[in-house]
Protein chains: 4
Amino acid sequence: MTAEQKEILSDLVRKNRYMQSIGIELLELKEGYARGRLPFSEDIVNPYGSMHGGVLYSLADTIAGLAACTCGRYSSTIDGGLHYLRPAMGTAYVYCEAHVLRQGRQIAVYRAELLDDRGVLLDTGEFTYFMLEEEV
Amino acid sequence: MTAEQKEILSDLVRKNRYMQSIGIELLELKEGYARGRLPFSEDIVNPYGSMHGGVLYSLADTIAGLAACTCGRYSSTIDGGLHYLRPAMGTAYVYCEAHVLRQGRQIAVYRAELLDDRGVLLDTGEFTYFMLEEEV
Amino acid sequence: MTAEQKEILSDLVRKNRYMQSIGIELLELKEGYARGRLPFSEDIVNPYGSMHGGVLYSLADTIAGLAACTCGRYSSTIDGGLHYLRPAMGTAYVYCEAHVLRQGRQIAVYRAELLDDRGVLLDTGEFTYFMLEEEV
Amino acid sequence: MTAEQKEILSDLVRKNRYMQSIGIELLELKEGYARGRLPFSEDIVNPYGSMHGGVLYSLADTIAGLAACTCGRYSSTIDGGLHYLRPAMGTAYVYCEAHVLRQGRQIAVYRAELLDDRGVLLDTGEFTYFMLEEEV
C-alpha cells in the first residue's frame, strides 16, 4: 500500500459511523491483513453478560472488510458467517485479526479470528467481498 | 407460550443492553416466530451510507434468538451467517422476521429475513442455537 | 429461457460427470428456479444409514447451480452452506427445490431446500455463485 | 486415542459406504485432527473439468467428522460450509486436513482445509457437529 492509500483507508475508518459508535479501533493494516480491537463495555453485552454476538460479528466484518481494501479497491460484503467458540467476557478488549484467503479482481475471501486479552481464540469466521471498481 | 413466559422474554429484552443501545424493537412473539425492527439512523451506517452489515446481522441474530426462546428455554448462538442481497438504505426501518426451521431439545435452527419498508427482501440468514437447560 | 438455452443446459447436465455418477436427475427448470431429485441407495449412505451429508450438499449445489444458469450464463460456486435439520432416511428420493434470492450481473444467491417423499423439509442451504461471462 | 478406539474408527470408515464409493482415504488420525485425500478422477468432475464442489465438500465433511470422533464419541453434522478459493484441477489428489476449533461435550467445531499436490490451499470450511452420547 502507498502512503496515499493508507490515508484514504484512514478516512474510510473515520466515515464508518457505526464503527465509531461502537468503538472499533484499527490497529494495523498491511496488504491482505488488518488487525483491530473493541473495548468491552456494558452497552454491548447480551443478557448473559458477555459481548453480544452481533457486536463480535460487526468487529470481524469491519476489520476483514478493511483488510480487503488493502488491495487498492473498496469492498462490499456478499456474505459472512461466524462460529462462536467461547463467550467473550472477562477481557478488557476483543482483538480481531483478518487475513486474506483469496484476493481476486472481483471476489475476495478473508478469515477473521477474534481473540481475548490472553490470545485465546473466541470466534472465527469467513467473509466474502465483492471488490468495487473504484480505487482506494 | 404462557403469559409468564412472555413476561420473562420481555425482561430478557430489557436486559439485552446492546439490543437497547442500537434500538432494536421487538414487535411480535409467538411459538417459533419473532418479528422486530430497527430504525435507520446515521449512527449505524457504513462508509457508503447504507445500514452497516454488522448491524443487520445483529438485528437478525437478536430476533432469531428471541424466536428460539419461545420454546420455553434460553438460547445461545452456535453460529450464524448472513447473505447481503440489496443495500439497506432509503427505508425508515429494517424489519426482521425469524421463523423456526428446526426446534430440537438441544439444537434449534432459525431463518431470519430482513425487509425494508416496502417489504423488499434485503438480507437472509440462518442461525443455529444451543438450547440451555434453564427454562424461560 | 429460450428453447436453445434449455438445450444447452441439458447438455451441461450430460457433461456433469459427478451429477451422473451419483444419479442426480433434473426434473424442472425455469427462470430463477430448478427442481431435481436423487434416489436413495446404499452407495451413498453414511455409517448411520442415512444419506451422507456430502451427497445432500452435492444435490443442493448442483440444482441451485443449474437454477443460476437459467439467467443465461454459466455459474461457478463461490461458497455454499447447508443446515441439516432431519436425517434423510426412509424415503425413496430426496428432492431439491432451488429458487433465486438475488440474480445480479456478477453475483447470484440461491436457496436450496431438500425434501423427502412426503414433502418434509430435511435440509436447507444458501449458495453464492459467480456468473461467468460466457453465455449459456 | 486408545488402540481400541482407533480400531472402532477404522470400522466406521469401512461402514461409510459413500466415503468408499467416491474413494476418500483416511491417512492420519490423532486427537482433534484428521488428514485424508481423494484421488482426482473423471467420475467426480463438474462440467468445467475440475473436481465437483459437492465432492470437495464431501471430502471436507468426512475428514472433519472423523476428526471430531477422536474425542471418543460419534459425531453428527449440524451444519457445514465451504469457500471455494481455487479450482481443483491439475492435481493427482486433493488432500484434506481438519483440526479442532472447539471440542465441547455436545458441540464441536472443526476447520477443514483442502490442498492440492503442491500444498496450495484450494478450499476452506467450517463444520459444526453434535456429539452423540454413544462412545466410540
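Up top is the structure.
Residues numbered from 1 in each chain as written. Chains lettered and ligands numbered in written order. Predicted model: local features only at pLDDT ≥ 70, side-chain atom pairs only at ≥ 80, totals over all residues. Heavy atoms only, no water.

**Student:** Is there a simple way to explain the relation of the copies chain B and chain A in this structure?
**Tutor:** Turning one copy of the chain about an axis and sliding it along that axis gives the other copy, so a rotation and a shift relate them. Mapping chain B onto chain A calls for a screw motion: a turn of 180 degrees about the axis and a shift of 0.0 Å along it, with 0.0 Å RMSD after fitting. On this basis, the relationship between the two copies can be described by a two-fold rotation axis. Within chain B, Gly81(B) has its C-alpha nearest the rotation axis, a separation of 1.9 Å. A high fraction, 100%, of the interface residues of chain B reappear at the interface in chain A, so the copies pair face to face through one surface. (Least-squares fit on C-alpha atoms with pLDDT ≥ 70 in both. Contact = heavy atoms within 4.5 Å.)

**Student:** Would you mind going over the sheet that holds strand β3 (residues 73-84) of chain C with me for this structure?
**Tutor:** Sheets are built from strands paired through backbone hydrogen bonds, the pairs being either parallel or antiparallel. The antiparallel open sheet is built from 12 strands, whose spatial order is β1(C)-β2(C)-β4(C)-β5(C)-β6(C)-β3(C)-β3(D)-β6(D)-β5(D)-β4(D)-β2(D)-β1(D). At either margin of the open sheet sits one strand with a lone partner, and together these are β1 (25-30) of chain C together with β1 (25-30) of chain D. Strand-to-strand twist of the sheet, defined as the mean angle between neighbouring strand axes without regard to direction, takes the value 20 degrees. In terms of strand pairing, strand β2 (residues 33-39) of chain C meets strand β4 (residues 93-103) of chain C through 7 bridges, oriented antiparallel. For Gly36(C), the partnering residue across the bridge sits in β4(C) and is Cys96(C). (Pairing = 2+ DSSP bridges. Helix = DSSP H or I, 4+ residues; strand = E, 2+ residues; numbered from the N terminus. Axes fitted to C-alpha atoms, helices over the stretch in contact; angles between N-to-C directions.)

**Student:** Help me understand the interface of chain A and chain D in this model?
**Tutor:** Accessible area lost on assembly of the parts is the figure often given for the size of an interface. At the junction of the two partners, chain A supplies 14 residues and chain D supplies 14 residues. When chain A packs against chain D, the two sides together hide about 1200 Å² of surface, and 49% of this comes from carbon and sulfur. Area buried by chain A at its contact with chain D is led by His83(A), Leu85(A) and Glu126(A), which between them contribute 42% of it. For the pair chain A and chain D, the number of links is 2 salt bridges. Where Glu113(D) meets Arg111(A), a salt bridge forms, and the shortest distance between an N and an O atom there is 3.7 Å. Linking chain A to chain D there are 10 residue pairs in polar contact (both at pLDDT 80 or more). Those elements that provide at least two residues to the side of chain A that touches chain D are β3 (73-84), β4 (93-103), β5 (107-115) and β6 (121-135) of chain A. In terms of residues, the side of chain A that touches chain D owes the most to one element, β6(A), which gives 5 residues. For the side of chain A that touches chain D, the residue count by class is 4 nonpolar, 4 polar and 6 charged. (Buried area = accessible area lost by both parts, 1.4 Å probe. Salt bridge = Lys/Arg side-chain N within 4 Å of Asp/Glu carboxyl O. Polar contact = N/O pair within 3.5 Å; in protein donor to acceptor, adjacent residues only side chain to side chain. Nonpolar A, V, L, I, M, F, W, Y, C, P; charged D, E, K, R; others polar.)

**Student:** What is the right way to read the pairing of strand β1 (residues 25-30) of chain A from this model?
**Tutor:** A regular strand carries its side chains on alternate faces of the sheet. Residue and element names in this part refer to chain A. Pairing between β1 and strand β2 (residues 33-39): 5 bridges, direction antiparallel. Residue pairing across strands places Lys30 opposite Tyr33, the latter belonging to β2. Hairpin connection, β1 to β2: the antiparallel pair is bridged by 2 residues, and Gly32 has positive phi, about 75 degrees.

Remember that the coordinates give geometry; whether it matters functionally is a separate question.
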